[in-house]
Amino acid sequence: MDPTWLAALAFVALSAVFTVGFLAAAAVLRARARKPDPAVELTYECGEAPTGSAWVRFHPRYYVVALLFVLFDVETVFILPWALNVGDPRSGGTAIVEMFVFVGILLLGWGYALRKGALRWQ
Amino acid sequence: MSAAMVLDNPWLRGLVIGGGVLGVVLGIVAYAIWFERKFTGLMHQRPGPNVVGWAGLLQPIADVLKLFQKDDRLPAAVDRPLFVLAPVLMLAATMMALAVVPWGWGVVVADLHIGVLFALSITSLAAIPIWMAGWASNNKYALLGGMRAAAQAISYEVPLLLSVTVPVVLAGSFRLGDIVAAQAGGRWFALWPPGPGFFAFVLFYLSSLAEANRIPFDIPEAESELVGGITTEYGGMKFALFYLGEYLHTVVASAIASAAFLGGSDMGPLGDGLHWMLLKTLLLTASVIFVRWSWLRLRADQLMALCWTVFVPGGLVLVMASALWVHLT
């Protein structure tokens, strides 16, 4: 395996230890109220007693955003390996033309979504 | 063991250089918060922190010590495992991206051959803890903030990826070290080629502001409508981790922008060095703070419309323009 990956892995472990360490140190050092006010454990709702749970159904517009995201993220997955090789003289003009066609089709779809109002936050 | 042997062992390299980088960057973050408060004071025509130490310079240290001592009782209604895990993931995900930042003079924890992708995929993980925090809090403000934040984070992911593809096309490599090397001698991608590079830099900068939830894109914690957004129920060190994560994200994004668009450690005729990279990172971080006190917050619908109708197609056009440039020269 490429040794730089091992260094990255060591750093990932280090940042995890650092972050958990902050919480662990705070757990040891923090002050604790002897007789905590029961209101401390209430959910905050501007001073009123909270009504109901917040775990409810929510607006489907978030679903549209998630769908659009998946669409365009997959498209960048196609663009990324192309971006690496397009400067290579061996790939010639074909790589450019192909990507123009691909992005053109994509922009057509984008225009359709725009006209259908899928990009509007309603 | 000699210094060279330490740097040859990848594990020790990750821990030694990584520990150094982490220490310096966390110091920068602490003083970025001091600078932000001092600068806010200047904009508001008041002194800002000025009691602890000269010009309030010891304020960040006092704040950290205070946060360690804060009582931290969880509200009874929260989903405990998710509630505790969210701030940890938030900070850790942002920190890990530091691994691939080339600081100059060979100081880099791991110059991965897919460095750009590593940094972006790791920082984009932050969308998950944001949503976790919003849901686990079982608080209506937190839920609204978490939902908006998750939608914003994934939306601005796309222009962020597209904008960073421009230096990848121009340099022909995902390795941040190669991208910096391709800009040697003052041929920074933000300046040359004229056009795509500069606009890609602007796109990256604005999308990073949105990813880090900074004004004008700080809808997730718009305090005038959502109390504290996802951090409403958080207190003590867990709140501090979110706060730290936000500032760290700003610094990390500034560092990546400096390397990918502003030449990294290169300063044209003035030579090459770690100090230039640090200077660029600090200036970009300071500019983010300047933007915060100069612009108004966008509305949630404007925020999404800006991303999907301007940034995404704009990013596609920039990528194609840079590919044409590479092909024709």
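Above this text you will find the structure in question.
The structure presented is a predicted model; accordingly, all values stated were derived computationally and were not measured.

Visitor: It is not clear to me how the overall build of chain A should be interpreted in this structure. Could you clarify?
Guide: What chain A contains, in helices and strands, is three helices and zero strands. Counting from the amino terminus, helix and strand elements in chain A follow one another as α-α-α. Expected size for 122 residues packed as a compact globule is a radius of gyration near 14 Å; at 26 Å, chain A overshoots this value by more than 25%. For chain A, the C-alpha atoms occupy an extent of roughly 75 × 50 × 15 Å along the three principal directions. For chain A, the exposed surface amounts to about 8000 Å²; the carbon and sulfur share of it is 69%. Between the centroid of the 10 positive side chains of chain A and the centroid of its 9 negative side chains there is a distance of 9 Å.

Visitor: For this particular structure, what's the right way to read the interface of chain B and chain A?
Guide: Contact with chain B, which involves 80 residues of that partner, is made by 68 residues of chain A. Interface area for chain B against chain A, summed over the two sides, is near 6700 Å², with a carbon-plus-sulfur share of 79%. Ranking the residues of chain B by area buried against chain A places Phe68, Trp308 and Met320 of chain B at the top, with a combined share of 11%. Viewed at the interface, chain A and chain B are joined by one salt bridge. Across the pair Asp71 of chain B and Arg30 of chain A runs a salt bridge whose closest N-O atoms are separated by 3.8 Å. The tally of links between chain B and chain A comes to three residue pairs in polar contact (both at pLDDT 80 or more).

Visitor: Would you mind going over the packing of aromatic side chains with me for this structure?
Guide: Applying the stated criterion across every chain, the model contains 20 aromatic pairs over all chains. Taken together, a centroid distance of 6.1 Å and an interplanar angle of 65° make the contact between Phe39 of chain B and Phe290 of chain B edge-to-face. Of the two residues, Phe39 of chain B is situated in helix H2 (residues 10–44) and Phe290 of chain B in helix H12 (residues 274–292); the sequence distance between them amounts to 251 residues. One aromatic cluster is present, formed by Phe58 and Tyr62 of chain A together with Trp131 and Trp135 of chain B through successive ring pairs.

Visitor: Can you help me understand unusual backbone geometry in this one?
Guide: Negative phi is the rule for most residues except glycine; trans is the rule for most peptide bonds. Residue and element names in this part refer to chain B. Positioned with a positive phi, Ala55 is a non-glycine residue whose angle comes to about 55°. Structurally, Ala55 is set in the loop between H2 and helix H3 (59–69). Classification of Ala55 as partly exposed rests on a relative accessible area of 24%. For Asn138, which is not a glycine, the phi torsion comes out positive at approximately 55°. Within the fold, Asn138 resides in the loop between helix H6 (127–136) and helix H7 (140–171).

About the thresholds
- Residues numbered from 1 in each chain as written.
- Chains lettered and ligands numbered in written order.
- Predicted model: local features only at pLDDT ≥ 70, side-chain atom pairs only at ≥ 80, totals over all residues.
- Heavy atoms only, no water.
- Helix = DSSP H or I, 4+ residues; strand = E, 2+ residues; numbered from the N terminus.
- Rg over C-alpha atoms; globule rule 2.2 N^0.38 Å.
- Areas by Shrake-Rupley, 256 points an atom, 1.4 Å probe, with all protein chains shown as cover.
- Lys, Arg positive; Asp, Glu negative; His and termini not counted.
- Charge placed at Lys NZ, Arg CZ, Asp CG, Glu CD.
- Contact = heavy atoms within 4.5 Å.
- Buried area = accessible area lost by both parts, 1.4 Å probe.
- Salt bridge = Lys/Arg side-chain N within 4 Å of Asp/Glu carboxyl O.
- Polar contact = N/O pair within 3.5 Å; in protein donor to acceptor, adjacent residues only side chain to side chain.
- Phe/Tyr/Trp six-rings, centres within 6.5 Å; stacked < 30°, edge-to-face > 60°.
- Buried < 20%, exposed > 50% of the residue type's maximum accessible area, 1.4 Å probe, protein only.

Worth remembering: the numbers are spatial, not functional.
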